[in-house]
Amino acid sequence: MPFIIAGNFKMNGVLAGVQPYAEALKAAESKAKLIICPPFPLLPAFAAALPATTALGAQDCHARPSGAHTGDVSATLLREIGATHVILGHSERRADHGETNADVSAKVFAALAAGLIPIVCVGETEPQRDAGEAEDIVKTQLRHSLPENFTGLIAYEPIWAIGTGRTPTPADIAAMHAAIRAALTDSFPATGPATPILYGGSVKPENAAAILALPQVGGALVGGASLKAADFLAIAAAAPAV
Ligand code: PEP
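Residues numbered from 1 in each chain as written. Predicted model: local features only at pLDDT ≥ 70, side-chain atom pairs only at ≥ 80, totals over all residues. Heavy atoms only, no water.

The next thing to look at is helix 8 (residues 170-187). Structurally, the α-helix is built with 3.6 residues per turn, so residues lying three or four positions apart point the same way. Its 18 residues place the ends of helix 8 26 Å apart at the C-alpha level, agreeing with the 26 Å of an ideal helix rising 1.5 Å per residue. Of all the positions in helix 8, only Ile-173, Ala-174, Met-176, His-177, Ala-179, Ile-180, Arg-181, Ala-183 and Leu-184 are classed as buried. Check the buried side of helix 8 and you find it contacts strand 5 (117-122), helix 6 (126-130), helix 7 (134-145), strand 6 (153-156), strand 7 (197-200) and helix 9 (205-212). (Helix = DSSP H or I, 4+ residues; strand = E, 2+ residues; numbered from the N terminus. Expected span 1.5 Å × (residues − 1). Buried < 20%, exposed > 50% of the residue type's maximum accessible area, 1.4 Å probe, protein only. Contact = heavy atoms within 4.5 Å.)

As structure tokens, then:
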């Protein structure tokens, strides 16, 4: 399975930037699988402009297929406009919008029903890591954020590493990815052993090779450094060949 490098643009990007970004991806050859996750309004433009080998993802979806949910977007509509993936349970949504593990699980269920591949984010706060609770917190998030029929991707994103320029030690990343693998294999014997586990949190061109070489790291979820195509491609180029 190729390494997966997903770009989370968050609330960044403008329409005028879509074509140049897509052209840069077209001009490069990536041995990694690329996924671009822009804000909702840019999805159709990216769907039209991206090279066929690059996947398109949203950053959230609602748990219901339609209805009185002002400001929300359904998984079915995302699929219809060309998204194949959706980030769910990002810590910024958990913090800014009060999303619980149960909310995330319902969204994952809806995404799967609509034919989207969920990228489910888990990760601990700094006090939780300092207290030695990181693995327990992440395992609890996995247990309650993933419905019984889960398939898709997991992103381990320590909250204190997102957008801060700080990353866990290689040993800590490897230990958490091993713990996530064990939990997935326990809960989902058929798919857990092969579920890609991405690392996210201040991945940049300078540290990508070292992070992507760690055991059980199947790719990266990249925030800030995905906004420039050159940096995003440099991260993808750091992925080991498979
Ligand atoms: C993210 O928000 O998913 C993320 C990993 O951000 P950054 O790469 O900027 O730390």
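Okay, back to it.
Burial along strand 4 (residues 85-88) is two-sided: the face carrying His-85 and Ile-87 and the face carrying Val-86 and Leu-88 are both buried. Across two bridges, the pairing between strand 3 (residues 55-58) and strand 4 is parallel. Bridging across to strand 4, Gly-57 finds its partner in His-85. Handedness of the strand 3-helix 3 (residues 75-80)-strand 4 crossover: right-handed. Here strand 4 runs beside strand 5; their pairing, made up of four bridges, is parallel. Pairing of Leu-88 across the sheet is with Val-120, part of strand 5. (Pairing = 2+ DSSP bridges. Right-handed = clockwise from strand over helix to strand, strands pointing away.)

Around the ligand there are 14 residues in total, and Lys-10, His-90, Glu-157, Gly-163 and Ser-202 lie nearest to it. A distance of 2.8 Å separates an oxygen atom of the ligand from a polar backbone atom of Gly-223. With respect to the ligand, the backbone of Gly-224 contributes an N or O atom lying 2.8 Å from an oxygen atom. Broken down by class, the residue content of the shell around the ligand amounts to four nonpolar, eight polar and two charged. (Near = heavy atom within 4 Å. Polar contact = N/O pair within 3.5 Å; in protein donor to acceptor, adjacent residues only side chain to side chain. Nonpolar A, V, L, I, M, F, W, Y, C, P; charged D, E, K, R; others polar.)

So, about the nonpolar core. Among the nonpolar cores identified, the biggest contains 63 residues, and Ile-5, Phe-46, Leu-78, Ile-154 and Ile-180 are the most heavily contacted of them. Listed in part, the 12 residues of the second largest apolar core include Ala-6, Ile-35, Ala-55 and Ala-155. (Core = buried A, V, L, I, M, F, W, Y, C linked by side-chain atoms within 4.5 Å.)

Every regular strand shows the same layout, with side chains that alternate between the two sheet faces. Neither face of strand 7 is open: one carries Ile-197 and Tyr-199, the other Leu-198 and Gly-200, and all of them are buried. Across three bridges, strand 6 lies against strand 7 in parallel orientation. Along strand 7, the bridge assignment pairs Ile-154 with Ile-197. Considered for its hand, the β-α-β crossover made up of strand 6, helix 8 and strand 7 is right-handed. Pairing geometry for strand 7 and strand 8 (residues 219-222), over three bridges, is parallel. Bridge assignment links Leu-198 to a residue of strand 8, and that residue is Gly-219.

Any functional reading would require information that these geometric values do not contain.
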